[in-house]
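# Descriptive structure summary
The chain contents come next:
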Amino acid sequence: MSSDAEAGGGRDDGVDAAGASDPDRETKAERIRELLATEGDAVAANTRGFNEGRYESTGRLSDYETLKAEARSIKEDAIERLPELIDGVTEAVEANGGTVYLADDAADANRYIREVAAERGAERAVKSKSMTSEEIEVNDALAADGVDVVETDLGEWVLQLADEEPSHIVAPAIHKSREAIADLFAERFDPEDPPETAEELTMFARERLGDLVEDADVGMTGANFIAADSGTMLLVTSEGNARKTVTATDTHVAVAGVEKLVPTVEDFSPFVELIGRSGTGQDVTSYISTLTPPVDSPVPDFQDDADPLADGSGDDREFHLVLIDNGRMAMRDDETLKETLYCIRCSACSNACGNFQSVGGHAFGGETYSGGIATGWEAGIEGLDVAAEFNDLCTGCSRCVPACPVGIDIPWINTAVRDRINRGEADPGQLDWAFEELVPDEEPGGLDLATRLVGNYATLAEWGHKTAPVANRLANAGPLRAVAERVAGIDRRRDLPEFARESLVEWFEARGGPAVSADEATREAVVYPDTATNYVDVARGKATVRALEALGVRVRVPDLPGSGRPPLSQGMIATAEAAAEDLYAGLAPHLDADRDVVVIEPSDLATFRREYKRFLPTDSYERLADASYDAMEYAFGLLENGADPAALRAPSEGTGPVASGKRIAYHPHCQARTVDVGEYATAVFERLGYDVLVSDTECCGMAGSFGYKTDYYELSMDVGEPLREQLGDTDRTVVAAGTSCTEQLDALLDAAPTHPIEVIAPRE
Amino acid sequence: MSLADTSTFTRRLDDLGVAVSAGPPAECAAMVEAAAGDPAVGVSLGRSGPDALADSPATLPDRIETDPTTADLRRAHTGVTAASLGVAAYGSVALEADAAGTEPVSLFVDRHVVVLREADLVPDMPDAFDWLGPRARDESVDVVFATGPSATADMGGLVHGAHGPKEVHVVLLRDGGAGEDGADDVDADEAGPEDADAEAGR
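What counts and how
Residues numbered from 1 in each chain as written. Chains lettered and ligands numbered in written order. Predicted model: local features only at pLDDT ≥ 70, side-chain atom pairs only at ≥ 80, totals over all residues. Helix = DSSP H or I, 4+ residues; strand = E, 2+ residues; numbered from the N terminus. Buried ≥ 20, exposed ≤ 12 C-beta atoms within 10 Å, placed from the backbone. Contact = placed C-beta atoms within 7 Å. Nonpolar A, V, L, I, M, F, W, Y, C, P; charged D, E, K, R; others polar. Pairing = 2+ DSSP bridges. Axes fitted to C-alpha atoms, helices over the stretch in contact; angles between N-to-C directions. Core = buried A, V, L, I, M, F, W, Y, C linked by C-beta atoms within 7 Å.

Counting secondary structure elements, chain B contains seven helices and twelve strands. Every one of the 202 residues in chain B was classed for burial, and the buried ones make up 59%. Residue pairs at least 24 apart in sequence account for 77% of intrachain contacts in chain B once pairs closer than 6 positions are excluded.

Spelled out as structure tokens, the structure:
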């Protein structure tokens, strides 16, 4: 998008005043800015490393998708049969000599655990890492009784010493640098020879914790999975602290959510293969403990250590399995939140998330869980209020979807929670009476203005186009940008889209409709005039028409409504669903006539292929999903089926800004990658002889409207930073299909990218 | 198991920085002697690992204290145990937390020397859980699948020996036939430094 240099300088001087009039907005932006500065680097290095590791490690599996499907089906079955599995595990554990306690909530669980500790006369409890124990805050409950609770996972121990919250569900101290840990140890222990290297810090912690474990009375663990058939629990660890926690103490308390149950021991297998690979990129972690407690190991008596180790003391071990409901059984009855219970807490969704990579879990808030699927957990366990705090940070880029080993549609959970927040908690005091007249949405009054503005983008764009010269001048004028920022939270540092005077549909009609006759045509297709293409970036629409016609396709560009993607991004589900129905109605005659639907904007195609499944009857959904193609996917298919590549533009031609040569830097759109169409552009470019550098950044950071919002401008730019690093200093032509990617890349690289189809389309 | 499984297993162990010695059961004591540091504690073969090990020619050297006190364990540099199963595709060994103390002897030491029969190798993870399922249901066994040394990245870099052993050495007892040749260091040729000490800093 072109910048508007005549707009009175209102963009760049807005930094200091950003959001000044809205305290919430200022606080949120301030908090993000602080985290970017303090924790951003450590989080970014670690999460991006994990994420790359995931690609490598899962890439070594020949049957990755099969394993995921197997894992998913085990979880679906287990949650369906949960009451039966709870009965089964209770029977099995009791037959083994252990106890099962089914706790309704955190207080109930803590009461039971305190009783166990009191009966044991426990002075110290050692713990291995367990998010569920964080959820119920059992440390505080035990400490209130005078029990010394020691976290033995090195990361958790660091946080306990620093009195901080985990920032990542698997690597809790991911936000702390080695230097910060060294400073912490020096301050807390004042050692003669302060440890500094990772090796020294680890050995220092190993010794200290080793001593604390030796005279502990109670060992607490979580459980990653529990088999109902045998009472066997599986723990995924690397350090060996969970092994020591269990072995060194005679009383083992395992705390686990009820959703951890699977039917049989054999069901563990796919999860063991997937969990480490998905999370930190390890094929398998160092230790997979599969315990059927009470365990048989003798209890080493470190106080009276002259006795033989193997003294039969294993027979006196106690085991308590505390299964926690705490909202989970209600989630099971909630069609949307139910999927959350399939989560195996591997952290893949956090690591794949552009925003998480930049700021980490502390920005995502939440009482216990942060990032990705955390919205589902927090909504189910703590309630909508808590989930609302960070729900915004899901941009719907959907890169977590293929990363999730159990295939949870995490963006949908975020959307659905956003919808509930919109409906339940909107502040009715806003000035939206004017807006109510202007926009046709299906949402209740009182909805946040910024949400509505973006959600009704299709209507606004149409209005902008009709009043184009005036609207464009007004939209980017300084005073109005200030108002837009204050009232709707649209950051002044962003360029706004400039509306076209002649829409794509109008142009197509004016030039006389289809140019390829029905007799000559190899295929017939509808080019979908999405809102951005039709009213703003008409050039890429014309290029699509030229490219397809050059390949022998009879093209139509009918007037069709918006896809519903903008309202969907704002959690306005009813509006999006209505849009899906309208658009399907508009497309139905074309589908009846066996016309393909070619989509220029990747987020619209992703909506057809993903969310429309939820909005349309199955037959309609499948019909549209099967008939619709990404523009470059379509070009690829035509070439594969014998179309002549010579009809398209080869790299040697042209020297203008659109075709500055053979070398291309291509950023695939996040959602296009999720629906597996991101690679077609690369394939077509290479076939035509271009030299392509493909970005490996999950999402550019703009993600639809996200980066326009004042609260998130800095975060959005930081998320895009790896793109600047990878593509910034090249002489390559920058290419991207998404409208918002285009705006972001323009801001990051100061080079306005073109849509892939514009590179290969014949010149006008 | 098949030759392919054995070579997959040893290759994976090599990737993990785990040293491997392989030879016939009769050479077990010599291989353990070479692999174990000092002082060393252990659990005698057969009490640790499959029962059949008790009747095989495989033994531990005399210097391994096989009825240790907790004080012996605390002082020990090396712990020697058997494994019940090996998982070729992952380089994992299955250690049983039995009444004889296999788990603490494997865990509260700097170096863990694991004796595994080649016959107890299975190709992949599903085979391991097919083996575990009936034993968990019928005998309530407790098994740790250990893959390489203890590790952490929580302190700003990958370090081995966070809580558990810093080094692991696998002694693989060949099925038979190779009896005359004595022990061999499986990875010495293709993998460079085979000595566990050299690997520990990775």
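Listed as interface residues are 47 residues of chain B and, on the opposing side, 56 residues of chain A. Taken together, the elements giving at least two residues each to the side of chain B that touches chain A come down to helix H3 (70-75), helix H4 (102-107), helix H5 (125-139), strand E8 (143-146) and strand E9 (151-152) of chain B. For the side of chain B that touches chain A, the leading source of residues is H5 of chain B, giving eight residues. Class assignment for the residues of the side of chain B that touches chain A results in 24 nonpolar, 15 polar and eight charged. The pairing of strand E9 (residues 287-291) of chain A with E8 of chain B spans four bridges and is antiparallel. Counterpart to Ile288 of chain A in the pairing with E8 of chain B is Phe145 of chain B.

Below, the discussion takes up the packing of helix H2 (residues 40-59) of chain A against helix H12 (residues 268-279) of chain A. The axes of two packed helices give the description: the angle between them and the distance between them. All names here are of chain A. At their nearest, the axes of H2 and H12 sit 6 Å apart, and the two run at 140 degrees to each other. Judged by residue contacts, Phe50, Arg54, Ser57 and Thr58 of H2 engage Arg277, Ser278 and Gly279 from H12. Its residues assigned to classes, the contact of H2 with H12 comprises one nonpolar, four polar and two charged.

It is worth spelling out the nonpolar core at this point. Val598 of chain A together with Val32, Val115 and Val171 of chain B are the most contacted members of the largest nonpolar core, which totals 284 residues. The greatest single-element share of this core, amounting to seven residues, is contributed by helix H30 (residues 573-592) of chain A. Those residues in contact with Val171 of chain B, other than ones at most four positions away along the chain, are Ser21, Cys28, Met31, Val32, Ala35, Val113, Val114 and Val115 of chain B.

Let us look at the pairing of strand E4 (residues 218-221) of chain A. Put simply, side chains in a regular strand alternate between the two faces of the sheet. Residues and elements named next belong to chain A. Burial along E4 is two-sided: the face carrying Val218 and Met220 and the face carrying Gly219 and Thr221 are both buried. Of the pairings in the sheet, the one linking strand E2 (residues 124-127) to E4 comprises three bridges and is parallel in character. Paired with Lys127 across the bridge in E4 is Met220. Where E4 lies against strand E7 (residues 251-257), four bridges are found, and the strand directions are parallel. Note on E7: the bridge partner recorded for Val218 is Thr251.

Residues and elements named next belong to chain A. Take Gln726: it is sitting in helix H38 (residues 721-727). Residue Gln726 is classed as partly exposed on the basis of its C-beta count, with 16 C-beta atoms lying within 10 Å. Separated by 19 residues in sequence, Gln726 and Gly707 have C-alpha atoms that sit 20 Å apart. When near neighbours in sequence (up to four residues on either side) are disregarded, Gln726 contacts Ser695 and Thr697.

Function-wise, these values are silent; they only describe arrangement.
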